[in-house]
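# Observations on chain architecture
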Amino acid sequence: MCGIVGYIGPRPCAPILIDGLRKLEYRGYDSAGLAVLDTTQVAVGEAPKLGIVRAVGKLSKLDDAVRERPVPGNVGIGHTRWATHGRPTEANAHPHMVGDVAVVHNGILENHVELRNELQAQGRKFLSETDTEIAAHLIDIELANGARSLLEATKLALSRVRGAYAIAAVSRKEPDVVVVAKSFSPLVLGIGEGEVFAASDVPALLAHTRDVIFLEDGDICELRANAVKIERLLVHGDGSPERITVTPVVRHPKKVDWSPAQAEKQGYKHFMLKEIFEQPTALENTLRGRVSLDDGDINSGEIGLAPEDVKDVKRVILLACGTSHHAAIAGRNWIESLGKVPATVELASEFRYRDAIVGPGDLVVSVSQSGETADTLAAVRDAKKRGAKLLAISNVVGSAIPRASDGALYTHAGPEIGVASTKAFTTQLSALLMLAVWLGRRNGKLTSERARDLLQKAIELPTAMREALDSDGECEKIARRQLVQTDAKDCLFLGRGLNHPIALEGALKLKEISYIHAEGYAAGEMKHGPIALIDATMPVVVVAPRDAHYEKIASNVQEVRAREGRVIAIVPRGDTTIANMAQDVIEIPDVDPELTPFITVIPLQLIAYHTADLKGTDVDQPRNLAKTVTVE
Ligand code: F6R
């Protein structure tokens, strides 16, 4: 998971690389580094110096190191790391330099052990435990064997490796070139005026350009300040030059509509808090132009599938990981209750390995904020091979999962930088709701009246979400009182129906950023196990909006109270039944029972945020996590 950047142009590149890495720090943050070719002062007939600075820890450490040891020059590459091969040490931090070449890499080279053994047997010495250093050696070997350019050497080197990579390389011998290549790991180019950028993700480019090229798997590029050459590398065999086919390709830049300000904190203490508060607007943006109230329908063409694609759909299979999986559970409920199509939801990481029965007649809907999650991508590719129809719900235009699918329904959350997903989640919910309505209207099972009513209420949701956000102060007090001052070690989240995934999501948010162990449970299951955990030290967050489950969940609250559990209840405004039993209450505005997850999740996000902030954890970059999980 790691982030890479590259720059070539007229400007000093170290600040550009560091700024780009800052926008990618969500991808990994245990060490960072950069390599810059000092083209500013080259003696005649000599190759420029290659300045490499690396530092363990957050990017600020690299920033400090670069201040102490400046690296002048305007061609360079950089990396922020999330350790896969080798501990987070300076030796393992990228870039890795061999001979005249420096390399940064995101991904995993699967045949690294055999390659390392082979290279060591040839007398090659390794300075790190990383798989990336192997790539640097391979490029160096190809140059020594007569490759005419860094581009050619990189192509030949990459023909030896298996696995996932986004790679960038520079060489002292070719100071006017950066070579980048992509296979399975994300990589985008930013096209400026007389300058070119490369990065793992769009936010790293936004301060400089909105003209981006999303590279495809197999692309290898030679970047010059005024020219981008892209070729497609096809490897046939063992890597000898004649066994590689290289075809030139033209990829036209796309304009992204994300603004640079969206990738900044804009006065909020953390990206996560900013993104929680952006949810009403993100929801408006995702619904805008897609909902037709006249006929109670979703505009076909917006959904990513043709109406005729639906005729043959016998079942929907939703695939996702983490928070996106929780959105998919709510989506499954809507697809069955509104769309009247049988639906199942699966963790992509399990589905891909369990020899699932999938094929023609199945609509596989993947849900992925990044559009790059390795497990989801692999599951989608597998379902495609077996003949299923594929729809991707993603927040990143042109990312790998939408590209691998037959259609894409994009959320318009804007860049999500906080590692803990918030606004992506609520916009995913809205995309899934739209899909369910669209299916129900296509197969005639959802009346236009019900659809119109629901969509009208969906459009009004941002107002209710803003009201729910007013509970911020109360959520902070509850976080302090119930979780921080009591030094809570565990917390239980209960919900039913559409709010079961919200309980799961509340628990995930709390554990990932505050490091308090938390479990989300279907409230009806409590008596089958978790009730054994309840005593006076156990905070239990109960999600109890006004819906068909309200009375049942009120009974669960009684069961918790009978065992002296401390109840924090999310209840409809004016509620007394559950409110009277709970230690702490957060009132939320009433919305249609089908739409409650959009509202109930907000206090849970805020409680998790404030708990983490009060405990002083790194809210935006929690330990051991990375936002985009491009490894299995
Ligand atoms: C949790 C979180 C992760 C992601 C998961 C899937 O806050 O962000 O659980 O939801 O890694 O990522 P995407 O949606 O990019 O496939």
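Preceding this paragraph is the structure being described.
Definitions and limits used
Here, residues in each chain are numbered from 1, in the same order as that chain's written sequence. It should be noted that, the model being predicted, local features are given only for residues of pLDDT at least 70 and side-chain atom pairs only at 80 or more, the latter also being counted only at that level, while totals for whole chains, interfaces and linings use all residues. Hydrogens are left out, water is left out, and the side-chain values use all remaining heavy atoms of the structure. Proximity is defined per residue: any heavy atom of the residue falling within 4 Å of a molecule or strand makes that residue near it. Two N or O atoms form a polar contact when they lie within 3.5 Å of each other; inside protein one atom must be a possible hydrogen donor and the other a possible acceptor, and for residues adjacent in sequence the pair counts only when both atoms belong to side chains. Shrake-Rupley sampling with a 1.4 Å probe provides the accessible areas, and residues are treated as covered by the protein chains on show and by no other component. Runs of H or I in DSSP of at least four residues are treated as helices and runs of E of at least two as strands, each being numbered from the N terminus. A pair of strands is treated as paired once DSSP finds two or more bridges between them. Residue contacts are defined here by distance: any two heavy atoms, one from each residue, within 4.5 Å place the two residues in contact. Only C-alpha atoms enter the line fits that serve as axes; for helices the fit covers just the stretch in contact. Angles between N-to-C directions range over 0 to 180 degrees. A helix is expected to span 1.5 Å multiplied by its residue count minus one. Buried, partly exposed and exposed residues are distinguished by accessible area as a fraction of the type maximum, computed with a 1.4 Å probe on protein chains only: under 20%, between the cut-offs, and over 50%, respectively. Roughly parallel here means an angle under 35 degrees, roughly antiparallel means over 145, roughly perpendicular means 65 to 115, and every remaining angle is called oblique. Two helices that cross are described as forming a left-handed crossing if the nearer one is turned anticlockwise from the farther one by less than a right angle, and a right-handed crossing if clockwise.

## Structural notes on the site of the ligand
Lining the immediate surroundings of the ligand are 14 residues, of which Ser324, Ser368, Ser370, Thr373 and Glu512 lie closest. Within the backbone of Thr323, a nitrogen or oxygen atom sits 3.1 Å from an oxygen atom of the ligand. Contact between the ligand and Gln369: an oxygen atom at 2.6 Å from a main-chain N or O atom of the residue. For the ligand, the accessible surface in isolation is 410 Å², of which the surrounding protein chains cover 90%. Mapped by element, the contributors of at least two residues to the shell around the ligand are α9 (322-337) and α16 (500-514).

## Section: the sheet that holds strand β1 (residues 3-8)
Read across the sheet, eight strands follow the order β3-β2-β4-β1-β10-β9-β11-β15 without closing on themselves; strand pairing throughout is antiparallel. With one partner strand each, in any of the chains shown, β3 (49-56) and β15 (254-255) form the two edges of the open sheet. Pairing of strand β2 (residues 31-38) with β3 involves eight bridges; the strand directions are antiparallel. Residue pairing in the sheet places Val36 in a bridge with Gly51 of β3. In this fold helix α2 (residues 59-68) packs onto β2 and β3, with an angle of close to 140° to the strand it touches most, β3.

## Some words on helix α13 (residues 423-442)
In this model, α13 (20 residues) spans 29 Å end to end at C-alpha, consistent with the 28 Å of a helix rising 1.5 Å per residue. Summarising burial for α13: 18 of the 20 residues are buried, a large majority. Directly beyond the C-terminal end of α13, a positive phi value near 75° is found at Gly444.

## Concerning the packing of α9 against α16
Direction vectors running N to C along α9 and α16 enclose 170°, while the axes themselves pass 9 Å from each other. When the axes of α9 and α16 are compared, the pair comes out roughly antiparallel. Considering only the axes of α9 and α16, their crossing is left-handed. On the side of α9, the interface is formed by Gly322, Thr323, His326, Ile329 and Ala330, while α16 contributes Pro501, Leu504, Glu505, Leu508 and Lys509.

## Describing unusual backbone geometry
In this structure, the amide linkage connecting His94 to the following residue, Pro95, adopts the cis form with an omega of 0°. Positionally, Pro95 belongs in the loop between β4 (75-81) and β5 (96-98). Here the phi dihedral of Lys340 falls at roughly 55°; this positive angle occurs in a residue that is not glycine. Tracing the backbone through its elements, the reader meets Lys340 in the loop between α9 and β19 (343-347). In this structure Lys340 comes out as partly exposed when scored by relative accessible area, which is 45%. For Asp487, which is not glycine, the phi dihedral falls at a positive 50°.

Functional significance is not addressed by these values, which are geometric in nature.
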